Amino acid sequence: MILLIFWALVFSLILSKIKRGKGAEWAKLFRIITLVFTFSFFTYWFIKKSSVGIVRNSVALQVINKLPQPLDFYVINLNDPATNKAMETKHIGKIRPEYYRIEYLKMDKSDQYWVVGYLGKKNLVYFSQNSVPNKNIDQIIEVQNYINQSVKLSDIAKKQIEAYNYENIKQGIWITLDFLLLFLNLILLLKRK
């Protein structure tokens, strides 16, 4: 959708050159519709992204950092391999010492999740594999030491997190370009002679 908005805004920018004739009215209408749709989409998207991720029939996971340094935590939910998204990665955030974060995990087709902690950007210092025997009981993970329960699984987790971060960077670039084009289109539309 973000890519579609990008091309619509580029086309709208090109249509801003049409100033006279019947085509000018249609071009202006297209530009207005594109701007309204883009504003609506990004408003909805930002509200959805900033709202609390409470999911119906989910398991609440509380990660508590008991270590003296802040760690950057990720959770990888292992879904049913038959689906397209076999692993779902979420960034919990950087947790300071003696603080916690809560994440809600959809565990319909899963009974296992991994918690990965980074000290800095690339230094994986914590990896734990956790099972969910009862999906009606919320999970609490206290990180009290630097541990890597499985080197093989932590390597898979590293690759998954790198792919997740790469996708987020790519999406951030496209959104920035969309906002730049949105601003240019808005200025050209509101500009008076």
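1. Some details on unusual backbone geometry
For step 1, the next point in the chain: Not every positive phi belongs to a glycine, and Glu98 is a case in point at roughly 65 degrees.
For step 2, the next point in the chain: Residue placement: Glu98 occurs in the loop between strand S3 (87-95) and strand S4 (99-105).

2. A look at the packing of aromatic side chains
For step 1, the next point in the chain: Inspection of every chain in the model, using the stated rule, returns 14 aromatic pairs.
For step 2, the next point in the chain: On the numbers, 5.0 Å between centres and 75 degrees between planes, the contact of Phe6 with Trp174 is edge-to-face. With Phe6 in helix H1 (residues 2-15) and Trp174 in helix H3 (residues 151-190), this pair connects stretches of sequence that are 168 residues apart.
For step 3, the next point in the chain: A relative accessible area of 12% means that Phe6 is categorised as buried.
For step 4, the next point in the chain: Ring centres of Tyr74 and Tyr164 lie 6.2 Å apart, and the angle between their planes is 85 degrees; on these two criteria the pair is classed as edge-to-face. Of the two residues, Tyr74 is situated in strand S2 (residues 71-78) and Tyr164 in helix H3; the sequence distance between them amounts to 90 residues.
For step 5, the next point in the chain: For Tyr74, a relative accessible area of 7% puts it in the buried group.

Conventions we followed
- Residues numbered from 1 in each chain as written.
- Predicted model: local features only at pLDDT ≥ 70, side-chain atom pairs only at ≥ 80, totals over all residues.
- Heavy atoms only, no water.
- Helix = DSSP H or I, 4+ residues; strand = E, 2+ residues; numbered from the N terminus.
- Phe/Tyr/Trp six-rings, centres within 6.5 Å; stacked < 30°, edge-to-face > 60°.
- Buried < 20%, exposed > 50% of the residue type's maximum accessible area, 1.4 Å probe, protein only.

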